[in-house]
Amino acid sequence: MPAADGTGTFSAYRLPRGRHGLAPELVAENQRWRILGGAAEALEGLGYARLTSSAIAHRAGVSTSTFYRHFDNVGDCLLAAYEMAMECILDVVADACDPDFDRPRRVRQAIAAALRFLATEPALARLLGTEAPAGVPEIAAARERLVDRLAVLLDDGGNGAERRRVAGALALVSDRIASAQPVEDRGFAAELAAVFA
């Protein structure tokens, strides 16, 4: 969790100052990842209305000019951060979905793994759980892709009914995150599993 003084966890991955002998591509990749994480942390702390490129850059431990070398604007950065968080949750769920498990067990395993991840990554949970900002409609489209891909993981065919169940479960998770209730809770996991029954 970011500290109250505004320093974020992603700035801890800052490379040493000065000459370090790393290839420029590695430096750029490090900066990009820190900016994406910083965007999630800054969004969690400030909300979309107060989010600025300088706030994201500060949280990531980079300059504002470095931010603009990687992203055109805050919306572009938020979309990339959302897509990064989306890939993380998809990886977590995919790892939990053993193809040898029957569907109910696969769903329970996926829910438990996803809730564990969201509990340990509150900034990413907030990013995934919030409604798409009006200024970034591409996030709403990315969320639809997330629903589609989760439906395929949980029910091999990704049928329409499974898609509706996934969308319903994501809405419950979003409500829980918005109300600052803990996501990793047995009762809540059971509530989510009931959506897929």
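Residues numbered from 1 in each chain as written. Predicted model: local features only at pLDDT ≥ 70, side-chain atom pairs only at ≥ 80, totals over all residues. Heavy atoms only, no water.

Caption draft 1: A look at the side chain of arginine 143. Mapped onto the fold, arginine 143 is located in helix H7 (residues 137-154). Within the local environment of arginine 143, its side chain forms a polar contact with the backbone oxygen of leucine 128, the two atoms lying 3.0 Å apart. (Helix = DSSP H or I, 4+ residues; strand = E, 2+ residues; numbered from the N terminus. Polar contact = N/O pair within 3.5 Å; in protein donor to acceptor, adjacent residues only side chain to side chain.)

Caption draft 2: Main features of the environment of alanine 112. Mapped onto the secondary structure, alanine 112 falls in helix H5 (residues 103-120). Between the C-alpha atoms of alanine 112 and arginine 186, which are 74 residues apart in sequence, the distance is 8.8 Å.

Caption draft 3: Molecular detail of the packing of aromatic side chains. Applying the stated rule across the entire model yields two aromatic pairs. Relative to tyrosine 68, the ring of phenylalanine 67 has its centre 5.0 Å away and its plane inclined at 85°; by these criteria the two rings are edge-to-face. Judged by its relative accessible area of 0%, phenylalanine 67 is buried. Between the aromatic rings of phenylalanine 67 and phenylalanine 71, the centroid separation amounts to 5.9 Å while the plane-to-plane angle is 45°, which identifies the pairing as tilted. (Phe/Tyr/Trp six-rings, centres within 6.5 Å; stacked < 30°, edge-to-face > 60°. Buried < 20%, exposed > 50% of the residue type's maximum accessible area, 1.4 Å probe, protein only.)

Caption draft 4: Focus on helix H6 (residues 122-129). Within H6, six of the eight residues are buried, which leaves it mostly tucked inside the rest of the structure. Within the sequence span of H6, burial applies to Ala123, Leu124, Ala125, Leu127, Leu128 and Gly129. Here the buried face of H6 lies against helix H1 (24-46), helix H4 (74-96), H5, H7 and helix H8 (160-178). (Contact = heavy atoms within 4.5 Å.)

Caption draft 5: Structural detail: the side chain of serine 174. In this fold, serine 174 is placed in helix H8. Ignoring anything within four residues of it in the chain, the contact list for serine 174 reads Gly129 and Arg143.

Caption draft 6: Focus on unusual backbone geometry. Even without being glycine, alanine 180 reaches a positive phi, approximately 60°. Within the secondary structure, alanine 180 is located in the loop between H8 and helix H9 (186-195).

Caption draft 7: Looking closely at the packing of H4 against H6. As a packed pair, H4 and H6 sit with axes 9 Å apart at the nearest point and diverge in direction by 110°. On the basis of the axis angle, H4 is roughly perpendicular to H6. Taking contact as the criterion, the partners of Leu78, Ala81, Tyr82, Met84, Ala85, Met86 and Ile89 in H4 are, on H6, Leu124, Leu127 and Leu128. For the contact of H4 with H6, the residue count by class is 10 nonpolar, no polar and no charged. (Axes fitted to C-alpha atoms, helices over the stretch in contact; angles between N-to-C directions. Parallel < 35°, antiparallel > 145°, perpendicular 65-115°, else oblique. Nonpolar A, V, L, I, M, F, W, Y, C, P; charged D, E, K, R; others polar.)

Caption draft 8: Here's a closer look at H5. For H5, built from 18 residues, the straight-helix expectation of 26 Å at 1.5 Å per residue is met to within 8% by its first-to-last C-alpha distance of 26 Å. Along H5, the residues classified as buried are Arg106, Val107, Ala110, Ile111, Ala113, Ala114, Leu115, Phe117 and Leu118. Buried residues along H5 sit against H4, H6, H7, H8 and H9. Sitting at the head of H5, aspartate 102 places a side-chain oxygen 3.0 Å from the backbone nitrogen of arginine 105. (Expected span 1.5 Å × (residues − 1).)

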